[in-house]
Amino acid sequence: MKYLLTALWAFICIGILAYSHIHWNQQTTARADDIPTTTLDQESVSAENESNVLEEQSNDVNIDKYIMLAANWPETAKQSLKQAIENKKPFKILFVGSAVNQWEKQVTQSLSDSFSSEHVITSTFSYDLTSKEIVDQGKQLEVAAEKAQLIVIEPFLLNDNGKVSIGNTLNNLTKMIETVKAKNPETTIILQPSYPLYKAKHYPKQVTALKAYAFENQLTFLDHWTQWPASNDPELNNYLNGKSGPNELGYQVWAQFLVEYFVNK
């Protein structure tokens, strides 16, 4: 009986030890299984957050780059450009003026190369009309319908020369701007003169009046005449094809001025 009890007790002890060992292994395995899963989840979240931060930083850098290129623009235009890029929509620049606009291709190409057509696009409206005819025919409605964020206007001074007084030219310009602003209040307006003429008498005074108009109405005035020879300098004739407009050299001067303004380098 003594030996039987001893054997029974030994069997019970062995069973308890075996059960404890198996239970311990199960608990250890369960804890081990939990640890890698948690670690992997944390690493995945961390990697995703880092990716989001890098993407945001990348977008910020691109916007900063484009704002630097647009450093010469009016502040309203720069803010509209920033908003357009953030919303992944193109920023439109519209050039409006007389039929003489052969500088536009070079300016558009420079803008496309610098900003890419994804961010900045351009279009041109050319009219062989006086400012009075522009208003009478409702062309200002066509300009407004483009919904451009930035419009550069050459207000038909040469077409008006000898036909429309400068006072009426500026009144017609005001009507055009008011129509644009009524449709698109956030549009930025920039003014520029047409090309200079050799020994002109009244035309330079009209351009001076346009410049004063821009100042009074807080509009940017692109005075590309500063890059041409003076109107009383015979050298100016080397930039013109008589009264038919600028030659290749004249257009190059005009285009280069605009390029340097719109693409700050």
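The rules we used
- Residues numbered from 1 in each chain as written.
- Predicted model: local features only at pLDDT ≥ 70, side-chain atom pairs only at ≥ 80, totals over all residues.
- Heavy atoms only, no water.
- pLDDT = per-residue confidence, 0-100.
- Contact = heavy atoms within 4.5 Å.
- Pairing = 2+ DSSP bridges.
- Helix = DSSP H or I, 4+ residues; strand = E, 2+ residues; numbered from the N terminus.
- Axes fitted to C-alpha atoms, helices over the stretch in contact; angles between N-to-C directions.
- Left-handed = near helix turned anticlockwise from the far one by under 90°.
- Nonpolar A, V, L, I, M, F, W, Y, C, P; charged D, E, K, R; others polar.
- 1 Å grid on protein atoms, 1.4 Å probe; cavity = no way out; pocket = protein on both sides within 12 Å on 5 of 7 lines; lining within 4 Å.
- Points joined across faces, edges and corners; volume = space filled by probe spheres on them.
- Expected span 1.5 Å × (residues − 1).
- Buried < 20%, exposed > 50% of the residue type's maximum accessible area, 1.4 Å probe, protein only.
- Phe/Tyr/Trp six-rings, centres within 6.5 Å; stacked < 30°, edge-to-face > 60°.

Asks: Which residues make up the confidence of the model for the protein, and what values do they have?
Replies: Reading predicted coordinates in detail is not appropriate for stretches of low pLDDT. Summary statistics for the protein give a mean pLDDT of 85 and a share of 77% for residues scoring 70 or more. In this model, residues 35–40 is a region of pLDDT below 50 whose contacts with residues beyond four sequence positions or in other chains number zero contacts. pLDDT under 50 marks residues 53–59. Its contacts with residues more than four places away, or in other chains, come to zero contacts.

Asks: I'd like a rundown of the sheet that holds strand 4 (residues 188–191), residues and numbers included.
Replies: Spatially, five strands are ordered 2-1-3-4-5 in an open sheet, and the strand pairing comes out parallel. Each edge of the open sheet is held by one strand with a lone partner, namely strand 2 (120–126) and strand 5 (220–221).

Asks: Summarise the packing of helix 7 (residues 166–183) against helix 8 (residues 203–216); cite the residues concerned and give the values.
Replies: In the contact formed by helix 7 and helix 8, the axes pass within 10 Å of each other and the chain directions differ by 40°. Seen from above, helix 7 lies across helix 8 with right-handed handedness. Of the residues in helix 8, those in contact with Ile-166, Leu-170, Leu-173, Thr-174 and Ile-177 of helix 7 are Gln-206, Ala-209, Leu-210 and Tyr-213. Of the residues contributing to the contact of helix 7 with helix 8, the split by class is seven nonpolar, two polar and no charged.

Asks: So what's going on with the layout of surface pockets? Residues and values would help.
Replies: Here the largest pocket defines a volume of roughly 360 Å³. In terms of lining, the largest pocket is formed by 17 residues, of which the most central are Leu-158, Tyr-195, Leu-197, Gly-242 and Lys-243. When its residues are assigned to classes, the lining of the largest pocket shows eight nonpolar, six polar and three charged.

Asks: How would you sum up helix 7? Please name residues and give values.
Replies: Its 18 residues give helix 7 an end-to-end C-alpha distance of 26 Å, which sits within 8% of 26 Å, the value for a rise of 1.5 Å per residue. For helix 7, the full list of buried residues reads Thr-169, Leu-170, Asn-172, Leu-173, Met-176, Ile-177, Thr-179 and Val-180. Tucked into the core, helix 7 has its buried residues touching helix 4 (131–136), helix 5 (139–145), strand 3 (150–153), helix 6 (157–160), strand 4 and helix 8.

Asks: Report on the packing of aromatic side chains, specifying residues and quantitative values.
Replies: For the structure shown, the criterion picks out 12 aromatic pairs. Seen from their ring centres, Trp-73 and Phe-262 are 6.2 Å apart, and the 75° between their planes marks the pair as edge-to-face. Remark: Phe-262 occurs in helix 9 (residues 248–262) and Trp-73 occurs in the loop between helix 1 (2–69) and helix 2 (75–86); sequence separation between them is 189 residues. Owing to a relative accessible area of 3%, Trp-73 belongs among the buried residues under this scheme. Where Trp-228 meets Tyr-239, the ring centres are 6.1 Å apart and the plane angle is 50°; that geometry is what we call tilted. In this pair, Trp-228 sits in the loop between strand 5 and helix 9 while Tyr-239 sits in the loop between strand 5 and helix 9, placing the two residues 11 residues apart along the sequence. There is no split in this pair, since Trp-228 and Tyr-239 are both buried. Taken together, the aromatic side chains of Tyr-66, Trp-73, Phe-91, Phe-95, Trp-103, Phe-115, Trp-254, Tyr-261 and Phe-262 make up a single cluster linked through ring pairs.

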